[in-house]
Amino acid sequence: MPIFYNDPAVCTRELCVFSFNTLGVMSGAAEDVATGAEVVDLLVAMCRAALESARKSIIFDPYPSVVDPHDPKSLAFNPKKRSYERLQRALDSITSIREITQGPYVEIKKQMDKLDSLAHPLLQWIISSNRSHIVKLPSSRQLKFMHTSHQFLLLSSPPAKEARFRTARKLHGSTFAFHGSHIENWHSILRNGLVNASYTKLQLHGAAYGKGIYLSPISSISFGYSGKFLEKNKQKHLPSSIVCIAAKCVIFLLQCRPTQSRFLQSRNLNCVALCEVITSKDLQKHGNIWVCPISDHVCTRFFFVYEDGQVGDANINTQDVRIQKEILRVIGVQST
């Protein structure tokens, strides 16, 4: 039975990557203020985790470019003159305010400005620099077997890569597999895409099965890569219709009345992505460890967040017919 995808529309604007309108959840997300606030908090939590990492000089990428509010001709945060300590102070002002404030955003901005004049510009950068589409899934479109209410659509590939992926899918077909990575790595992934880090300075866990993006159809294996590995070697111490990056989206998010900043209250968040992967001969399967050496053949589709060190069901297998059927239902695939 052939499967037909209602492909995500590709936006030609540089700062708006995709509109995932085939999933039918975007108009509701735009009306739900809590949705926007939760995504903002997640982006801030990812930024904080990367900045606090012992590997920050490698993984805190990109480093902010933020204009000095007191001198528009100079940069207060400059990638060529990095100051992680100054960046940390500004970020602390963002998190402290958003953790305790329930008022309108204009009041939050005033409080941030009092604490640190760079806090608000940094928050704007965190939102506007995100190159991915990430939007909270309503409960009716969530994957129940993942056992978390924090479920998001996630597209982290640029339009050109997504186009190449669709071409490859027509030739070889595709399936789904998990990719686990610590929350500190997602600050970069959301801005640079999921890349092949094997044998590079970004590699963390080794490459026992060769060079490529590591995935698994089994949830427990990917959950194992999402944990807080720094505990072992801890040196010091995880709109419009979508959360896009266009200016109107940023304004919408910054004007939201936030709920309690959920993700900023936890220092132990576990994250795992569900990816779509091309099933060509290049995909190497070593039991339940899959290695895809071609970055264009892996695209993120869903993102799951677990609080307080928790993870979901360890026995999920994306190759199970029932699981596949549920994933395709949520994505909106039509079969004939």
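Under the annotation held in an unreviewed UniProt entry, the protein chain carries the name Poly [ADP-ribose] polymerase and is attributed to Cyprinus carpio carpio. The record in UniProt for the protein chain states the following under Sequence similarities (unreviewed entry): "Belongs to the ARTD/PARP family."

Let us look at the packing of helix α5 (residues 105–115) against helix α6 (residues 119–128). One way to put it is that α5 packs onto α6 with a least axis distance of 8 Å and a crossing angle of 125°. One element, α5, and the other, α6, form an angle in the oblique class. Residue-level contacts link Y105, K109, M112 and D113 of α5 to A119, H120 and L123 of α6. Across the contact of α5 with α6, the residue classes break down as four nonpolar, one polar and two charged.

In this section: the pattern of salt bridges. Inspection of the entire model under this criterion finds 11 salt bridges. With a shortest N-O distance of 2.5 Å, D296 and R164 are connected by a salt bridge. Under the relative-accessibility criterion, D296 is labelled partly exposed at 22%. Salt-bridge contacts for R322 lead to D320; the nearest nitrogen and oxygen are separated by 3.4 Å.

Right, let's get into the pairing of strand β7 (residues 151–155). Regular strands place their side chains on alternate faces of the sheet. Counting buried positions over the five residues of β7 gives five, a clear majority of the element. Along β7, one buried face is formed by Q151, L153 and L155 and the opposite face, lined by F152 and L154, is buried too. Where strand β6 (residues 133–136) and β7 come together, four bridges link them in antiparallel fashion. In the strand pairing of β7, I134 is matched with L154.

Taken together, the three strands give an open sheet; going across it, the order is β9-β12-β11, and neighbouring strands pair in antiparallel fashion. The open sheet has two edge strands with one neighbour each: β9 (213–215) and β11 (284–286). Put simply, the sheet's adjacent strands are angled 25° from each other on average, direction ignored. The sheet contact formed by β11 and strand β12 (residues 289–292) spans three bridges and is antiparallel.

I94, L122, I126, W186, L215 and F303 are the most contacted members of the largest nonpolar core, which has 54 residues in total. Among the elements that take part in this core, helix α2 (residues 33–52) stands out by supplying 11 residues, more than any other. Within the second largest apolar cluster, 20 residues are counted, among which are F145, L274, F302 and F304.

Before going further, it helps to spend a moment on the sheet that holds β6. Reading across the sheet, the five strands line up as β6-β7-β13-β10-β8 and stay open at both edges, with antiparallel pairing between neighbours. The strands lining the two open edges of the sheet, one partner per strand, are β6 and β8 (174–180). The average undirected angle you get between the axes of adjacent strands in this sheet is 20°. This element, helix α7 (residues 159–172), spans β7, β8, β10 (270–278) and β13 (298–306) of the sheet and lies at about 110° to β13. Sheet strands in contact with helix α11 (residues 321–331) are β8, β10 and β13, and its direction is about 95° off that of β8.

Turning to the packing of aromatic side chains, a few remarks are in order. By the definition in use, this model includes six aromatic pairs. For the ring pair Y63 and Y84, a centre distance of 5.7 Å and an interplane angle of 85° mean the geometry is edge-to-face. In this pair, Y63 is assigned in the loop between α3 (56–59) and β4 (66–68) and Y84 in helix α4 (residues 84–100), connecting sequence segments 21 residues apart. Y84 shares its class with Y63; the two are buried. Ring geometry for F223 and Y306: centres 5.4 Å apart, planes at 85°, overall edge-to-face. For F223, a relative accessible area of 8% corresponds to the buried category. On the basis of relative accessible area, Y306 is assigned to the buried category, the value being 3%.

Listed as buried for α5 are Y105, I108 and M112. Projection of α5 onto a plane perpendicular to its axis shows the buried side chains occupying an angular sector of 55°, all on one side.

This next bit is on the pairing of β10. Counting buried positions over the nine residues of β10 gives nine, a clear majority of the element. Burial along β10 is two-sided: N270, V272, L274, E276 and I278 facing one way and C271, A273, C275 and V277 facing the other are all buried. Pairing between β8 and β10: seven bridges, direction antiparallel. The partner of F178 across the bridge, within β10, is L274. Pairing between β10 and β13: eight bridges, direction antiparallel. Along β13, the bridge assignment pairs C275 with T300.

About the cut-offs
Residues numbered from 1 in each chain as written. Predicted model: local features only at pLDDT ≥ 70, side-chain atom pairs only at ≥ 80, totals over all residues. Heavy atoms only, no water. UniProt positions renumbered as here; feature names shortened; annotations may be inferred. Axes fitted to C-alpha atoms, helices over the stretch in contact; angles between N-to-C directions. Helix = DSSP H or I, 4+ residues; strand = E, 2+ residues; numbered from the N terminus. Parallel < 35°, antiparallel > 145°, perpendicular 65-115°, else oblique. Contact = heavy atoms within 4.5 Å. Nonpolar A, V, L, I, M, F, W, Y, C, P; charged D, E, K, R; others polar. Salt bridge = Lys/Arg side-chain N within 4 Å of Asp/Glu carboxyl O. Buried < 20%, exposed > 50% of the residue type's maximum accessible area, 1.4 Å probe, protein only. Pairing = 2+ DSSP bridges. Core = buried A, V, L, I, M, F, W, Y, C linked by side-chain atoms within 4.5 Å. Phe/Tyr/Trp six-rings, centres within 6.5 Å; stacked < 30°, edge-to-face > 60°. Arc of directions from axis to C-beta.

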